[in-house]
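Geometric and topological summary
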There are 2 protein chains.
Amino acid sequence: MKPKATLKKISDKLQISISTVSRALKNHPDISEHTKQKVKELAELMDYEPNNYAISLRTNNSKVFCIMVPQISNLFYHSFISAVEEEARLYGFSLMILQSGGDPAIEIANLKICRQNRVAGIFVAIGTATIDIQPFLKMDDLDVPVIFFDKVPSFQACNKVCIADAKAATIAADVLLRNNKKNILGIFGDPEMSITKKRLDAFSQKIAEKGKSIQLKTKHALTAEAARKIVHKCLTPLQKIDAIFCMSDEILTGVMKAVQELKLKVPESIGIIAHSNGFIPNLYSPEISYVETSGHKLGKLAYNRMSACLSGSTFIQELTVESIYIEGGSL
Amino acid sequence: MKPKATLKKISDKLQISISTVSRALKNHPDISEHTKQKVKELAELMDYEPNNYAISLRTNNSKVFCIMVPQISNLFYHSFISAVEEEARLYGFSLMILQSGGDPAIEIANLKICRQNRVAGIFVAIGTATIDIQPFLKMDDLDVPVIFFDKVPSFQACNKVCIADAKAATIAADVLLRNNKKNILGIFGDPEMSITKKRLDAFSQKIAEKGKSIQLKTKHALTAEAARKIVHKCLTPLQKIDAIFCMSDEILTGVMKAVQELKLKVPESIGIIAHSNGFIPNLYSPEISYVETSGHKLGKLAYNRMSACLSGSTFIQELTVESIYIEGGSL
DNA sequence: AACATTTTCGCAAACGTTTGCGGCAAAGTA
DNA sequence: TACTTTGCCGCAAACGTTTGCGAAAATGTT
């Protein structure tokens, strides 16, 4: 794209120098009000738009963040992206979106794209298969803050923003206990992921605090379909499951599919509770009770952390978003 | 970000000129194989990454597309975005994401951001409130192709990529007729939008072809909640609705909420069919039959059109994605 | 009147690439 | 041997901004 107006064309027309035009548009105190007004009027008339490529080249300072997620088409990620975009635009930053498909090799290729575009900062949800995060840490050598979110590495010395996993799990367990559930099926995510481990540990501990009177069976599902099958397998006349905990929206969709297939009444025949951002739970009647794990809130918090990093904060932080319990009608 | 390696540093180390280094890295035929090899080895050793700002400034040619949607958090849009990202990365393009919230003023502000970033092309789903598309057409003056998708303006002379609205509606109507539905409730989207008009017209016409034996009641819902209320209002003992057509995923979620609230059996008590990308229909059991309106396919087609525009195609096109019927168990 | 200070503007280098064009040495040809 | 052609490389302008520093005119002070 080649717009017609440049600083040079404006300077030629006004018979002043390019640097005066540049400073006038930036409201530099050295430039008189009269000159500033002339310049701004003509810039508007000529539809002048500064060229961010020239600015970034000269100042060595881009105004672009990258968000790298396994898939954009994910309920949690796109609300995160939406929140970050809302904040970014307030500060004159743009967002570049890169998908990795959860493939470490594509993550590395994406980092290369980030270097080529001289991005100012990176928000990344790593894939389950990602073990080596050195490539991400090397971005710090280039003064590019990297904020890990959602699926964060277990490595300590990096900036992380995530749901308060243990607390969210504890809230869910508390709710089940308060509703006198005695035979609980907990379906968790990928056992390799730290968020799964943390939530499982916290959930189990809270249930165990009640002594032996509560039966907890835990399973892992990586897909909605896997969750659906687990429900079919576990909910038999011999196994008196009275409540199911779903660790994610995806698992919830599979569980609810099975519940409909088995023509179970919620909450009479089975209680349901999930970790969710609220969209899926509200599709059903009665509405599913859930512990809110909001991508949107995470996005806001992640943006704040990025701002702090860009403003010079060098200490590493792991920030968490607390969850709240939203009572539906499923328990 | 300031990476350490530049063409100059590489040239200093190898005692050759910057232009030789640049040409060697670009595999220019004037440069000997021996020199090319030396340069490439050192570039890799020094972690050289070209600076896209410098390249774009010099060549006046950016490699960034913008996608502008009302909200990222929309089932249709994020699958479109995902598809475009998959294509873009194959051709070395990056994606910038901008939300407009459906607000024409923010759309205009977003176009300004596009000009400042010298984007190579724009994919846009305009908001319902957007009437004046001149600001978008002015981007053509700057040689920036604009592809309207999904919510496209009725204005003729612009590139559009959308679902074959009439055909999708006709398919749905055909399916209802083939299933001998006699009292149909059709819930459509915003009556102001052209996609609604087209689908309503085609749907009504197909039903009307059957003469007076088929009763069709049509309603408009702008939200899931509005759709839910319509169902509560329309499904009374006095009104023998035997099937509901939902024009979008959002409408489907509201309809299904009401169906659950009314404890209606699908398909025994009520038949359901929707225009959908397939995610929502598969959450229910029996699965909802739907006419696939895939954001992913639209994204692929839109990218092809953008490539054609960038390669010099100057004629205006309106491309459509044909839909296919996916049979579930709801009819 | 002479000198000092302030106001307002301009010069040109710089950022990191690309690329038209020219130069030099080697190779080819008559 | 003399001239032509080819291979391979280098010079430096260009892109559109920013900005350190200096200059000239206006204003202030003694």
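Above this note sits the structure.
For clarity, every value in this text was computed on a predicted model and none was experimentally measured.

What counts and how
- Residues numbered from 1 in each chain as written.
- Chains lettered and ligands numbered in written order.
- Predicted model: local features only at pLDDT ≥ 70, side-chain atom pairs only at ≥ 80, totals over all residues.
- Heavy atoms only, no water.
- Least-squares fit on C-alpha atoms with pLDDT ≥ 70 in both.
- Contact = heavy atoms within 4.5 Å.
- Salt bridge = Lys/Arg side-chain N within 4 Å of Asp/Glu carboxyl O.
- Polar contact = N/O pair within 3.5 Å; in protein donor to acceptor, adjacent residues only side chain to side chain.
- Helix = DSSP H or I, 4+ residues; strand = E, 2+ residues; numbered from the N terminus.
- Pairing = 2+ DSSP bridges.
- Expected span 1.5 Å × (residues − 1).
- Buried < 20%, exposed > 50% of the residue type's maximum accessible area, 1.4 Å probe, protein only.
- Near = heavy atom within 4 Å.
- Nonpolar A, V, L, I, M, F, W, Y, C, P; charged D, E, K, R; others polar.
- Axes fitted to C-alpha atoms, helices over the stretch in contact; angles between N-to-C directions.
- Parallel < 35°, antiparallel > 145°, perpendicular 65-115°, else oblique.

What follows covers the relation of the copies chain B and chain A. Expressed as a screw transformation, the operator carrying chain B onto chain A has a rotation angle of 180 degrees and an axial translation of 0.0 Å, and the superposed copies differ by an RMSD of 0.1 Å. Taken together, the rotation angle and the small translation identify this as a two-fold axis.

At the interface, 59 residues of chain B touch 59 residues of chain A. The interface formed by chain B and chain A contains eight salt bridges. Notably, a salt bridge pairs Glu-287 of chain B with Lys-257 of chain A, separated by 2.7 Å at the nearest N-O pair. Between chain B and chain A we count 37 residue pairs in polar contact (both at pLDDT 80 or more) in total. Listed by contribution, the elements that provide at least two residues to the side of chain B that touches chain A are helix 4 (52-59), helix 5 (75-90), strand 2 (94-99), helix 6 (104-116), helix 7 (134-141) and helix 11 (249-261) of chain B. Top contributing element to the side of chain B that touches chain A by residue count: helix 5 of chain B, with eight residues. Across two bridges, strand 2 (residues 94-99) of chain A lies against strand 2 of chain B in antiparallel orientation. Each residue of the ladder has a partner; that of Met-96 of chain A, found in strand 2 of chain B, is Met-96 of chain B.

To continue, consider helix 8 (residues 165-178) of chain B. Residues and elements named next belong to chain B. Over its 14 residues, helix 8 extends 20 Å from the first C-alpha to the last, a length consistent with the 20 Å expected when each residue adds 1.5 Å. Among all positions of helix 8, only Asp-165, Ala-168, Ala-169, Thr-170, Ile-171, Ala-172, Ala-173, Val-175, Leu-176 and Leu-177 are buried. Of the residues flanking the end of helix 8, it is Asn-180, one or two places downstream, whose phi is positive at about 55 degrees.

Here Gln-99 of chain B lies in strand 2. Take Gln-99 of chain B: its relative accessible area is 7%, and that puts it in the buried class. Within polar-contact distance, the side chain of Gln-99 of chain B engages the side chain of Ser-82 of chain A at 2.7 Å. When residues no more than four places from it in sequence are discounted, the contact partners of Gln-99 of chain B are Ser-82, Glu-85, Glu-86 and Arg-89 of chain A together with Val-69, Pro-70, Gln-71, Ile-72, Ile-106 and Asn-110 of chain B.

DNA strand C sits among 26 residues. The nearest are Thr-20 and Thr-35 of chain A together with Ser-19, Ser-22 and Lys-26 of chain B. Taking all atoms of DNA strand C within 4 Å of the protein, the share assigned to sugar and phosphate is 54%. Interatomic distance of 2.9 Å between a side-chain N/O atom of Ser-19 of chain A and a base nitrogen of DNA strand C. Taking Ser-32 of chain A, its main chain carries an N or O atom lying 2.8 Å from a phosphate oxygen of DNA strand C. Elements with a minimum of two residues in the surface near DNA strand C: helix 2 (18-25) and helix 4 (52-59) of chain A together with helix 2 (18-25) and helix 4 of chain B. Taken together, the residues that form the surface near DNA strand C break down as nine nonpolar, nine polar and eight charged.

The next thing to look at is the packing of helix 2 of chain B against helix 3 (residues 33-45) of chain B. All names here are of chain B. The geometry of helix 2 relative to helix 3 is characterised by a closest axis approach of 9 Å and an angle of 90 degrees between their N-to-C directions. Regarding the angle of helix 2 to helix 3, the classification is roughly perpendicular. Contact with helix 2, carried on its side by Thr-20, Val-21, Ala-24 and Leu-25, involves Thr-35, Lys-36, Val-39, Lys-40 and Ala-43 of helix 3 and no other residues of that element. Looking at the contact of helix 2 with helix 3 residue by residue, the class counts come to five nonpolar, two polar and two charged.

Moving on: the pattern of salt bridges. For side chains bearing opposite charge, pairing can occur when the charged atoms are close. Taken as a whole, this structure holds 38 salt bridges over all chains when the rule is applied. Two residues, Lys-160 of chain A and Glu-318 of chain A, come together in a salt bridge whose shortest N-O distance is 3.8 Å. In this pair, Lys-160 of chain A is assigned in strand 5 (residues 159-163) and Glu-318 of chain A in strand 11 (residues 318-321), connecting sequence segments 158 residues apart. Residue classification places Lys-160 of chain A among the buried residues on the basis of a relative accessible area of 4%. Note on Glu-318 of chain A: relative accessible area 37%, which makes it partly exposed. With its nearest N and O atoms 3.8 Å apart, the salt bridge here joins Lys-229 of chain B to Glu-225 of chain B. A residue pair is termed a helical-turn pair when its members lie 3 or 4 positions apart in one helix, as Lys-229 of chain B and Glu-225 of chain B do in helix 10 (residues 224-234) at four residues.

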